[in-house]
Amino acid sequence: MVVRRMKPLGFTLDETRELLTAVDRLAADRPGTDTELDPDERAALVSRVHRYEQAAAERVAELRAQLTRAEEFAQSLRTRLAAAPA
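The rules behind each value
- Residues numbered from 1 in each chain as written.
- Predicted model: local features only at pLDDT ≥ 70, side-chain atom pairs only at ≥ 80, totals over all residues.
- Heavy atoms only, no water.
- Helix = DSSP H or I, 4+ residues; strand = E, 2+ residues; numbered from the N terminus.
- Rg over C-alpha atoms; globule rule 2.2 N^0.38 Å.
- Buried < 20%, exposed > 50% of the residue type's maximum accessible area, 1.4 Å probe, protein only.
- Contact = heavy atoms within 4.5 Å.
- Areas by Shrake-Rupley, 256 points an atom, 1.4 Å probe, with all protein chains shown as cover.
- Expected span 1.5 Å × (residues − 1).
- Arc of directions from axis to C-beta.
- Core = buried A, V, L, I, M, F, W, Y, C linked by side-chain atoms within 4.5 Å.
- Polar contact = N/O pair within 3.5 Å; in protein donor to acceptor, adjacent residues only side chain to side chain.
- Phe/Tyr/Trp six-rings, centres within 6.5 Å; stacked < 30°, edge-to-face > 60°.
- Lys NZ or Arg CZ within 6 Å of the ring centre and 35° of its normal.

Observations regarding the overall build of the chain
And step 1. Along the backbone of the chain there are three helices and zero strands.
And step 2. In sequence order, the secondary structure elements of the chain are arranged as α-α-α.
And step 3. Against the compact-globule benchmark of 12 Å for 86 residues, the chain has a radius of gyration of 21 Å, which places it well outside the compact range.
And step 4. Principal-axis analysis of the C-alpha atoms gives the chain an extent of 75 × 20 × 20 Å.
And step 5. Taking all 86 residues of the chain together, the buried fraction comes to 14%.
And step 6. Taking the contacts inside the chain whose residues are at least 6 apart along the sequence as the reference set, 44% of them involve residues at least 24 apart.
And step 7. Here the chain displays about 6900 Å² of accessible surface, and carbon together with sulfur accounts for 58% of that area.

Focus: helix α2 (residues 13–27)
For an α-helix, 3.6 residues make a turn, and residues three or four places apart therefore share a direction.
And step 1. For α2, with 15 residues, the first-to-last C-alpha span of 21 Å sits near the 21 Å given by 1.5 Å per residue.
And step 2. Listed in full, the buried residues belonging to α2 are T16, L19 and A22. Down the axis of α2, the buried set is contained in an arc of 130 degrees. They therefore lie on one face. Of the exposed residues in α2, the ones pointing more than 90 degrees away from its buried face are L13, D14, R17 and D24.

Focus: the nonpolar core
And step 1. Formed by M6, L9, F11, L19, Y52, A55 and A56, the largest nonpolar core amounts to seven residues.
And step 2. With three residues, the single largest contributor to this core is helix α3 (residues 39–83).
And step 3. Contact partners of A56, with chain neighbours within four places excluded, come to L9 and F11.

Remarks on the side chain of T16
And step 1. Summarising the element assignment, T16 is placed in helix α2.
And step 2. For T16, a relative accessible area of 3% gives the class buried.

Focus: the side chain of D29
And step 1. With respect to the element layout, D29 can be found in the loop between α2 and α3.
And step 2. Overall, D29 belongs to the buried group, its relative accessible area being 13%.
And step 3. Among the polar contacts made by the side chain of D29, one reaches the side chain of R42 at a distance of 2.7 Å.
And step 4. Non-local contacts of D29, meaning those with residues more than four positions away in its chain, are made with T35, E36, L37 and R42.

Observations regarding the packing of aromatic side chains
And step 1. Counted according to the given criterion, the structure contains one aromatic pair.
And step 2. Ring plane angle 50 degrees and centroid distance 5.8 Å describe the contact between F11 and Y52, whose orientation is recorded as tilted. Separated by 41 residues along the polypeptide, F11 in the loop between α1 (2–6) and α2 and Y52 in helix α3 bring together distant segments of the chain.
And step 3. The class of Y52 is buried, set by a relative accessible area of 10%.
And step 4. Lying across the ring of F11, R59 places its NZ or CZ 4.0 Å from the centre.

The structure is reproduced here in structure tokens:
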């Protein structure tokens, strides 16, 4: 499911794997157990996930801009067709 969501945003499989690994490690972090992350590792993982969130937001904005241009183009074609003699 994550791959399907990341692929349209242009993320590679390696990037997807890296993100999933970071998210999984953070999810498994249990203080006081053998899965507890040290603070530096936790901070690095959170930073990595944050970078992916920022990259995803930027790519979504780019896609929205492309969609807006495409919609404007389609509307201009509709306008031309409506004005053309039948």
